[in-house]
Amino acid sequence: MVATAAACAPAAEHAEDKVPAAVMVSKQPSETLSTLFEEALPNVRGKTFTSAIVDFPPAARAVPHRHGNAFVYAYVLEGNVRSQLEGGPMRTYHQGENWVEPPGAHHILTENTSQSESAKLLVIFISNTGDELKVADPPR
């Protein structure tokens, strides 16, 4: 549709200046993960402890993902976060609440429920040393 609109536009106009509003797509905000601490566990060979803060701007949603073979603990520091693991119920967690994810879990929904306030999680990972902490599902 954009190509058609650009082809029909007069030569003096630039296509990028005249994209119809219906064609413009706003990107869903996403979360950011900031590692606080990471260290190999001295008493459990091959495992690493990582703590991180995950910030969700208003209306932010994470893409469906996995945390490899990591055990995950999440604690809501601020706001409200809706979460669902594949095969489990959807639940909204409020400040002070927490959940765990078993190794290999498929996290199909994680989102800030507020359109105007940020949400923040403290997340602890016990992972295989060297593994990525988050692997997004492939695009459909």
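Before reading on, note that the structure itself is shown above.
Computed from a predicted structure; not experimentally measured. (Residues numbered from 1 in each chain as written. Predicted model: local features only at pLDDT ≥ 70, side-chain atom pairs only at ≥ 80, totals over all residues. Heavy atoms only, no water.)

## Some remarks on the pairing of strand β4 (residues 71–78)
For clarity, the cut-off: Strands were regarded as paired on the criterion that DSSP finds at least two bridges between them. Each helix is a run of H or I in the DSSP string that is no shorter than four residues. Each strand is a run of E no shorter than two, and both are numbered from the N terminus.
When β4 meets strand β9 (residues 119–128), the two strands line up antiparallel, connected through seven bridges. Of the residues in β9, the one forming a bridge with Tyr75 is Leu122. Relative to strand β7 (residues 98–101), β4 is paired through four bridges, and the arrangement is antiparallel. In the sheet register, Val72 faces β7, and the bridge partner there is Glu101.

## Notes on the sheet that holds strand β10 (residues 135–136)
Across the sheet, five strands lie side by side as β6-β5-β8-β3-β10; this open sheet has antiparallel pairing. The sheet terminates laterally at β6 (91–94) and β10, the two strands that pair on one side only. With two bridges connecting them, strand β3 (residues 65–66) and β10 associate as antiparallel partners. Counted as the bridge partner of His65 is Ala136 from β10.

## Things to note about the sheet that holds strand β1 (residues 32–40)
How we decide: The axes used here are C-alpha line fits, helices contributing only the stretch in contact, and every angle between their N-to-C directions lies in the interval 0 to 180 degrees.
The sheet built from five strands is open, its strands ordered β1-β2-β9-β4-β7 with antiparallel pairing. Where the open sheet ends on each side, the last strands, each with one partner, are β1 and β7. Sheet twist, expressed as the mean angle between neighbouring strand axes with direction ignored, is 20 degrees. Summarising the sheet, β1 and strand β2 (residues 47–56) pair through eight bridges and their orientation is antiparallel. Bridge pairing links Glu38 to Thr50 in β2.

## Let's talk about the side chain of Asn112
Stated formally: Three labels apply to residues, based on accessible area from a 1.4 Å probe with only protein chains included: buried if under 20% of the type maximum, exposed if over 50%, partly exposed otherwise in between. Should any heavy atoms of two residues lie within 4.5 Å, those residues are considered in contact.
Note on placement: Asn112 falls in strand β8 (residues 106–112). Among the residues examined, Asn112 registers a relative accessible area of 4% and is labelled buried. Discounting residues that sit within four places of it in the chain, Asn112 has contacts with Phe56, Pro57, Pro58, Ala59, Ala60, Asn80, Glu117, Ser118 and Ala119.

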